[in-house]
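Summary of the model geometry
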Amino acid sequence: MVGPILPLRAESIRVARGGKTLLGPLSLEIAGEGVTIVLGPNGSGKTTLLRALHGLERLREGAVRWAVPEPETRSQQAFVFQAPILMRRSVVDSIAYPLLLDGLLRGEARARAADAAEAVGLGGRLALQATDLSGGEKQKLAIARALVRRPQILFLDEPCANLDGRATREIEAILATVREQGTRIVMSTHNVGQARRMADEAVFLFDGRLIDGGKASDFFDTPQTPEARAHLQGDLFP
Amino acid sequence: MNDILTGMIEAVRLILTLDPTLIEISLRSLEVTVSATLIASAIGLPLGAWLAINRFRARRAVIALLNALMGLPPVVVGLLVYVMLSRSGPLGVLGLLFTTKAMIIAQVIIITPIIASISHQAIRELWAAYHDLLISLNTTRWQRIKALLWDGRRALLTASLAGFGRAIGEVGAIMIVGGNIDNATRVLTTAIALETGKGNFALALALGFILIALAIAVNLALHLLSKTERNSLW
Ligand SMILES: Nc1ncnc2c1ncn2[C@@H]1O[C@H](COP(=O)(O)OP(=O)(O)O)[C@@H](O)[C@H]1O
Ligand SMILES: [Mg+2]
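Residues numbered from 1 in each chain as written. Chains lettered and ligands numbered in written order. Predicted model: local features only at pLDDT ≥ 70, side-chain atom pairs only at ≥ 80, totals over all residues. Heavy atoms only, no water.

**A closer look at the overall build of chain A**
Check the secondary structure of chain A and you find nine helices and nine strands. At 18 Å, chain A has a C-alpha radius of gyration in line with the 18 Å of a compact globule built from 238 residues. Across its three principal axes, chain A shows a C-alpha extent of roughly 55 × 40 × 35 Å. The buried share of chain A, reckoned over its 238 residues, is 54%. In chain A, the proportion of contacts linking residues at least 24 apart, taken out of those at least 6 apart, comes to 68%. Of the roughly 10600 Å² of accessible surface on chain A, 47% is carried by carbon and sulfur atoms. Side-chain charges in chain A split into 30 positive and 28 negative, and the spacing between the mean points of these groups amounts to 5 Å. (Helix = DSSP H or I, 4+ residues; strand = E, 2+ residues; numbered from the N terminus. Rg over C-alpha atoms; globule rule 2.2 N^0.38 Å. Buried < 20%, exposed > 50% of the residue type's maximum accessible area, 1.4 Å probe, protein only. Contact = heavy atoms within 4.5 Å. Areas by Shrake-Rupley, 256 points an atom, 1.4 Å probe, with all protein chains shown as cover. Lys, Arg positive; Asp, Glu negative; His and termini not counted. Charge placed at Lys NZ, Arg CZ, Asp CG, Glu CD.)

Following this line, the structure appears as structure tokens:
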């Protein structure tokens, strides 16, 4: 068993591609419990930040540090991509896949996958091909697959960006339960309403820089920067 | 015209009566090409997958070489294999010239690049789609290869069938290295060439029908596979 992997500290991280800085330099700490919402307009660097924290981006500067050595955190982290990455497998086998990687036997992996599917409302879809699910169901599958290893931290990149109101509500309910069960959530969204509903803590990105944020109650009531204020009011940026 | 008509009737008769010569030649064709397809797949499929997910210095060169080999005229392959296997050639001691083994070798050389190239393409697309997920799940290199080969199995089968289709209809190379010897190395395509030359249209047509049936069967299988591929019915 791996001990607690949090707090997570990003120390002056910077991500660049071809000489252009996409993100940072910025520092950030994820600790305690609850939900951290990464807010910001399109192109502000939300995806890049989440990927960098999860170790999917090469850092030009700085480092991401966990409470334990990074290799030990791998199985304790999970990531849900904005566009669900679906394997050419059935729903139950898709969710079971991470467990097979951990060396579980197929039967046991499938049983646990079926439980995880049940928890996100896909209990009746086990035998279906993953690619045949509806948009909302695909994202639920991705969430179930991410949760099946019972990670300590779950990153989600705009999981509801392409979903309708009903699917969005269902996913928010699933994530509320995940949060209750003690999984730390870091999720990006450009939907201010969703951010208000879910956040314990907010981080506001603008043009690749972290310029605002804090405890949700403080941030949403009294944002410190004009950019965050405008974004929360739904203003459009030039 | 009359020749063709009587030829066709005779062809049907040969097929319906399961003419022993016809059967023998057809089975030999299958034996050679199935063997060649299996060997070429054993080389080409892993090679294609390897090229798709590994970045190494010679990668582009290997892909360029594969493409060049794909364009190699089969007759030239036959000639090269002949020179290698002929008594005075470097592999002459093996005594393989004018055997079905020599024909299998020639077909393997012809279709391995095709199989490798198609599987490379398919696995590369799958790897592009799976990349972030498999990295996020912290998979080992071997686990990645396994997932890609398994989830891409239909595409890989398609690659093998494409190789089979190419090999079963090939005539130039196996004519040269096999010698088209009766009861030994005569297969569908070489027999058709010979019987046509002799004016023996009935047998040639009957052999032709079987060859067409085999080719259609493979194409049908390919078509069904690529259809299920798109609809992900498997
Ligand atoms: N592969 C890439 N190459 C170059 N620029 C990129 C790439 N991906 C994203 N960007 C740029 O990086 C910035 C941040 O992108 P992103 O993190 O996707 O923002 P968000 O998720 O907030 O919309 C944007 O300006 C975007 O255009
Ligand atoms: Mg994004």
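**Quick word on the confidence of the model for chain B**
Residues and elements named next belong to chain B. The predicted model of chain B averages 89 in pLDDT, with 96% of residues at 70 or higher. Element-level mean pLDDT values for chain B span from 80 in helix α10 (residues 201-231) up to 95 in helix α5 (residues 100-136). Across the interface, the model reports ipTM at 0.94; the global pTM reads 0.84. (pLDDT = per-residue confidence, 0-100.)

**Points about the sheet that holds strand β6 (residues 153-157) of chain A**
Residues and elements named next belong to chain A. Strand order in this open sheet of six strands is β5-β6-β7-β3-β8-β9, and the pairing throughout is mixed. Looking at the sheet topology across the chains shown, the edges are occupied by β5 (77-80) and β9 (209-215). Here the average twist between neighbouring strands, direction ignored, is 15°. Across four bridges, strand β3 (residues 35-39) lies against strand β8 (residues 201-206) in parallel orientation. (Pairing = 2+ DSSP bridges. Axes fitted to C-alpha atoms, helices over the stretch in contact; angles between N-to-C directions.)

**A word on the nonpolar core**
In terms of nonpolar packing, the biggest core is built from 68 residues, with L8(A), L49(A), I153(A) and F155(A) touching the most fellow members. Element by element, the count of residues in this core is highest for α5(B), at 15 residues. Each residue touching L49(A), except ones within four places of it in the same chain, is listed here: I13(A), L23(A), L26(A), L28(A), V38(A) and L205(A). Counting residues in each nonpolar core, the second largest holds 49 residues, with L86(A), I171(A), L175(A) and A202(A) among its members. (Core = buried A, V, L, I, M, F, W, Y, C linked by side-chain atoms within 4.5 Å.)

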